[in-house]
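Descriptive analysis of the structure
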Amino acid sequence: MADLPIRTIALIRPADDRGVFVFRIVAERRTAFYVAKEIPCQIGGRGFAVHKLGFGDLMHVRVGRGADQSCECLGFLRYGRCRHILGLAALIRKHRM
Ligand SMILES: [Zn+2]
């Protein structure tokens, strides 16, 4: 049986008074930390500005249903879903954000 990639997400620091929070995604033995903040979104879904620490990439991530979700990463462009959307959706559910 092939190894399944281990993928976990954790809220490292809850939102501060400016709404900035930090989370971590572990996938395929790689760990990445992200700083994020919810931003106004006019086109459906909840919008987040997400900054991956150490790489300088700023991604705009929308969490919602169907067409109301998007991300600027290569994974989303290729597959129509990605760890950033799935991860943020999981954090929102788990921590009632
Ligand atoms: Zn993404």
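Being a predicted model, the structure only gives us computed values, none of them experimental. (Residues numbered from 1 in each chain as written. Predicted model: local features only at pLDDT ≥ 70, side-chain atom pairs only at ≥ 80, totals over all residues. Heavy atoms only, no water.)

1. Focus on the coordination of the zinc ion
Around the zinc ion, the donor atoms from the protein are Cys-71 (SG), Cys-73 (SG), Cys-82 (SG) and His-84 (ND1), and they sit 2.0 to 2.3 Å away. The coordination sphere of the zinc ion comprises four donor atoms, whose angles at the metal cover 107 to 114°; the geometry is tetrahedral. Donor residues binding the zinc ion come from one chain and are separated in sequence as C-x1-C-x8-C-x1-H. Here Cys-71 is found in the loop between strand 5 (58–63) and helix 1 (74–79), whereas its partner Cys-82 is found in the loop between helix 1 and helix 2 (83–95), with eleven residues between them in sequence. (Donors = N, O, S within 2.8 Å, 3.2 Å for Na, K, Ca; no water. Tetrahedral: all angles 85-135°; square planar, octahedral: opposite > 155°, others 65-115°. Helix = DSSP H or I, 4+ residues; strand = E, 2+ residues; numbered from the N terminus.)

2. Observations regarding the side chain of His-84
Position of His-84 relative to the elements: it lies in helix 2. Polar side-chain contacts of His-84 include one of 3.2 Å to the side chain of Tyr-34. Discounting chain neighbours no more than four positions away, the residues touching His-84 are Tyr-34, Met-59, Val-61, Cys-71 and Cys-73. (Polar contact = N/O pair within 3.5 Å; in protein donor to acceptor, adjacent residues only side chain to side chain. Contact = heavy atoms within 4.5 Å.)

3. A few points about the nonpolar core
Generally speaking, nonpolar side chains in soluble globular proteins are found buried as a group. The biggest cluster of nonpolar side chains holds 21 residues, and the ones touching the most others in it are Phe-23, Val-50, Val-61, Cys-71 and Leu-88. Within the residue set of this core, elements represented by two or more residues are strand 2 (20–27), strand 3 (30–39), strand 4 (46–52), strand 5 and helix 2. Counting residues per element, this core draws most heavily on helix 2, which supplies five residues. Beyond its immediate stretch of four places on either side in the chain, Cys-71 contacts Met-59, His-60, Val-61, Phe-76, Cys-82, His-84 and Ile-85. (Core = buried A, V, L, I, M, F, W, Y, C linked by side-chain atoms within 4.5 Å. Buried < 20%, exposed > 50% of the residue type's maximum accessible area, 1.4 Å probe, protein only.)

4. Quick word on the environment of Cys-41
Tracing the chain through its elements places Cys-41 in the loop between strand 3 and strand 4. Between the C-alpha atoms of Cys-41 and Leu-74, which are 33 residues apart in sequence, the distance is 21 Å. Those residues in contact with Cys-41, other than ones at most four positions away along the chain, are Arg-46, Gly-47 and Arg-62.

5. What to know about the sheet that holds strand 5
Reading across the sheet, the five strands line up as 1-2-3-4-5 and stay open at both edges, with antiparallel pairing between neighbours. With partners counted over all chains shown, the strands left at the sheet margins are strand 1 (7–13) and strand 5, one partner each. Going across the sheet, the axis of each strand differs from the next one's by a mean of 30°, ignoring polarity. Bridge count between strand 3 and strand 4: six bridges; the pairing is antiparallel. Each bridged residue has a counterpart across the sheet, and for Tyr-34 the counterpart in strand 4 is Lys-52. The strands touched by helix 2 are strand 1, strand 2, strand 3, strand 4 and strand 5; relative to strand 5, the strand with the most contacts, the crossing angle is about 55°. (Pairing = 2+ DSSP bridges. Axes fitted to C-alpha atoms, helices over the stretch in contact; angles between N-to-C directions.)

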